[in-house]
Amino acid sequence: MTKARDRTEDFKDAARRAALNLGYDESKIAAIMASFIMHKSLERSMFTKAALTTLESIRALEQFLSKHKKDYVDVHRITEKERDSIEHEVTVFIKACKEQIDVLKNSINDEEENSKGWLGIRSDSSNADTIAHKHGVVLILSEKLHSVTSQFDQLRAVRFRDAINRVTPRRKVKQKGPTVAESSTSGNIESREVSNSETRQTEDGQAEPIRFQQRHLDDETHALQVELGTMLDAVQDTETKMVEMSALNHLMSTHVLQQAQQIEFLYEQAVEATNNVVLGNKELSQAIQRNSSSRTFLLLFLSVLTFSVLFLDWYS
Amino acid sequence: MALNLRQKQTECIIKMLNLNQAVGTVGGTANEEVYKILIYDRFCQDILSPLIHVKDLRKHGITLYFLVDKDRNPVLDVPAVYFLQPTPQNVQRIVADASRALYDSFHLNFSSSIPRPLLEDLATGTMNSDSIQRISKVHDQYLEFVTLEDNLFSLANKNCYVQLNDPSAGDKEIEEIIEKIVGGLFCVLATLAVVPVIRCPRGGPAEMVASLLDQRLRDHLLTKNNLFTEGGNFASSFQRPILCLFDRNFELSVAIQHDFRYKPLVHDVLGLRLNRLNVKVEKGGMKSYELDRTDPFWTANGSLEFPRVAEEIDAQLNKYKKDVEEVNRRTGGDEAQFDGTDLVGNTKHLMNAGRTLNEFAEKESEMMVRGGIDRNELLGVLKGKGDKMDKLRFAIMFLISTETIPPSEIEAVETALREAEVDTSAFQYVKKIKSLNVSLASANSASRGNIVDWAEKLYGQSIGAVTAGMKNLLSNDHQLALTRTVDALMEGKPNPDIDSYLIFDPRAPKSSMGSSGSQMKGPFKEAIAFMVGGGNYVEYMSLQELVHRQQPPKHVIYGTTEILTGDEFVEQLALLGRKMGLGSVPPIAGSSSR
């Protein structure tokens, strides 16, 4: 949708004509025309280079996430261990990016202080506009990082919701399991008792080993119950741990958000500073004017007084 | 394909902010020029502000944004995007910035086409200061109009009505104004990428605009890689929209009358400008609200009458309170802060001012419908409470609505106005026009004079058009003449009202203009209605109502040279009255105050 008309060609023609009018020689004109085609890029400052590398790393993170998103969300594709490893990598990466952004932010402040020099005069390269621009760059970076981390948090929330859903039915099944087992064992005991009572009538001589078997069965049931109880506790523990972890995950993105908000605050201040510089210049010039005018007035006043004193002295 | 002007303009602007490269290159090349600075002038600031918010700017990599007039400091190794009007001062500014080497590279975007001489000035200037290699690109954006809503745009030409109807205006000035209007319309059409069929009434500025625009389009279509390369060269009338041009004098009453619906009321009373509203709060500060399509209450209730709006507000507030209580119940949290919503703040102000406006609006619509008003009622209203401007508007509406008024009544009205300390220049102006019309009825010829006769002809035609406009009383179902005419033009059936309208078709070859003119009269699905001299929200809303009622729903975009409130328009009339030397000198305490 090329709605805009590119007038650069017209501009180049106009430039050539202007050069001819000004009487430049051929080589100069050729140099100027060449500079249009091959735009000579200036040396980028350290700050911009660092910002661009951070941007690259955030972009790489985004690509990584999008590549593994399908695997991560779908329940059956990869194992839990792989998911954990993905999470770990992403967390490490996010921390690294966050540190880079912090470094950039601090470098702005350091440069501000260092370049004050003596007499508090700022050097040319760090005026209010440049500082506001740097703050803006850092703000954009942190906003981008925040959006990537919130994407990741959403994925993690989905994963944990699935996991919790998987745990709770298992718990219900397990609860039914032990009750069924218990009822079956009690059923068995009853049937065994019935059979025992039946066989007791028949064979009294075999009473001893049967009672021994009963006790053995009792012990078994008891052991089963204990085991199931411990399993229940373990499951509850995992559940609480997962809830904690999801809460902590949210913290991750909120930390990035906090950082973004801090940077935004600095940015707003820097932009205001650019306005204040202009206002400050106006006030300074007004003050200088007033100063000079008051000085002239004072001189005039004193000289008039002196001359009047001399005059009176001469007169009388 | 529905034409959504706002969306297209936003896309163009976003593309410009991305240095006119394709937007959305995923990952891809590490674009070195990601962080840019945006520099604009005041006119372009008005263009940008309804469309893009500051936060969105950051999404496209803009870190700072400045006015071009501000003193700026160098920010090295950063490309700068300039969005300016092509005027000589702006070009000088660019040259100054380039010589000071403020930024690494300059991407210049002009809101309309930059003429050759200015381009050469730019080249010479930068060549002299040896900074020409900093300018990397120059583009014409064709975006010189302000889009307020999806289908509403304005050219932001101030005082256009005054300049066009000024009896002392020379030909040159009128030509300039017409050029500016045509330039703005050309930008709108370029952004929409359509070549419409143009229809306009005979005589008056509308015809001049139409013929010049037709000429411009024809010339442009002849150049290769023009901006309108879409679907073949013989698109049927079903796909091309119709552009209807109108004069303000066609229907003067709409610009003056009090309307009691929500949107026009907010515009009139509170001064809505560029979708932004500044109201004084109780504590004495100013609060600013943004009212555009992202505000659901505004979009849903904009066209309702004001008492209904008050009911809606109550309903919404109750719903909000209930929701808050429910949330509190569920979370058991602490008391949520229930500060007044935007709705409450807005409408409190309106309610204070709205009590008397209700009367005015009712009486005026009665007047228009019945064609007259009882004399006592009229004087009663003029002597009663109400702001001076409101009374003046009421009196002018009275003049326009009745055909012949006995001079005694006019005298009575004038004395009443003078008692109320109202500046009567506007009243006198309309009176004069109305009276002149009687004697100039014969001079209402539709001849096409040459350029020399323009000023005189314009003056005469404007009076003729005012008469015609005065006859356009509202019919019973409260439809404006503009709406009826646009409807008739879109239908394309023969209709005595519109048969005298001229027709221009830039795509048709010049020779066959007479014979193939009939082909392009078929029914149109889309229309662009443009009012020369000032428009307002009332017309916009009535046009939208019209198209929503039709089956299948059609689409109309409404545009004007300037969006004026009733007060502003009456001030322009007053200015004209004073230029003609009519009207009393206003008393010292005379300007309207709310």
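Under the annotation held in an unreviewed UniProt entry, chain B carries the name Vesicle trafficking between the ER and Golgi and is attributed to Salvia divinorum. Regarding chain B, the relevant UniProt record gives this comment under Sequence similarities (unreviewed entry): "Belongs to the STXBP/unc-18/SEC1 family."

An unreviewed UniProt entry annotates chain A as Syntaxin-81 originating from Salvia divinorum. In its Subcellular location (unreviewed entry) section, the UniProt record describing chain A reads: "Membrane". Recorded in UniProt for chain A, the comment headed Sequence similarities (unreviewed entry) runs: "Belongs to the syntaxin family."

## Overview of the overall build of chain A
Looking only at helices and strands, chain A has six helices and one strand in total. Moving toward the C terminus, one meets the helices and strands of chain A in the order β-α-α-α-α-α-α. In chain A, which comprises 316 residues, the share counted as buried stands at 27%. Of the contacts formed within chain A by residues at least 6 apart in sequence, a portion of 79% connects residues at least 24 apart.

## Some remarks on the UniProt feature "transmembrane region" (unreviewed entry) in chain A
If you check UniProt for "transmembrane region" (unreviewed entry), the listed places come out as residues 297-315 of chain A in our numbering. In residues 297-315 of chain A, the share of helix is 100% and the share of strand is 0%. The end C-alpha atoms are 27 Å apart.

## Thoughts on the sheet that holds strand E9 (residues 242-247) of chain B
Residue and element names in this part refer to chain B. One open sheet accounts for seven strands, arranged E6-E7-E14-E13-E9-E8-E12; its pairing is mixed. Both edges of this open sheet fall to strand E6 (146-149) and strand E12 (502-504), since each of them pairs with a single strand only. For this sheet, the mean angle separating the axes of adjacent strands, direction not counted, is 20°. Pairing between E9 and strand E13 (residues 526-532): six bridges, direction parallel. Within E13, the position partnered with Ile-242 by the bridge is Ala-527.

## Quick look at the interface of chain A and chain B
Taken together, the contact between chain A and chain B spans 50 residues of the former and 55 residues of the latter. Of the roughly 4700 Å² buried between chain A and chain B on both sides combined, carbon and sulfur atoms contribute 57%. The interface formed by chain A and chain B holds five salt bridges in total. The residue Asp-140 of chain B makes a salt bridge to Arg-7 of chain A at a minimum N-O spacing of 2.4 Å.

## Digging into the pairing of strand E4 (residues 105-110) of chain B
Every regular strand shows the same layout, with side chains that alternate between the two sheet faces. Residues and elements named next belong to chain B. Within E4, six of the six residues are buried, leaving the element largely enclosed by the surrounding structure. Burial of E4 is two-sided: the residues Ser-105, His-107 and Asn-109 facing one way and the residues Phe-106, Leu-108 and Phe-110 facing the other way are all buried. Where strand E3 (residues 79-84) and E4 come together, six bridges link them in parallel fashion. Bridge pairing in E4 links Phe-83 to Asn-109. For the crossover from E3 across helix H4 (residues 88-99) to E4, the handedness is right-handed. You can see the chain leave E4, run along helix H5 (residues 116-128) and come back into strand E5 (residues 135-140), and the turn it takes is right-handed.

Calculation criteria
Residues numbered from 1 in each chain as written. Chains lettered and ligands numbered in written order. Predicted model: local features only at pLDDT ≥ 70, side-chain atom pairs only at ≥ 80, totals over all residues. Heavy atoms only, no water. UniProt positions renumbered as here; feature names shortened; annotations may be inferred. Helix = DSSP H or I, 4+ residues; strand = E, 2+ residues; numbered from the N terminus. Buried < 20%, exposed > 50% of the residue type's maximum accessible area, 1.4 Å probe, protein only. Contact = heavy atoms within 4.5 Å. Pairing = 2+ DSSP bridges. Axes fitted to C-alpha atoms, helices over the stretch in contact; angles between N-to-C directions. Buried area = accessible area lost by both parts, 1.4 Å probe. Salt bridge = Lys/Arg side-chain N within 4 Å of Asp/Glu carboxyl O. Right-handed = clockwise from strand over helix to strand, strands pointing away.

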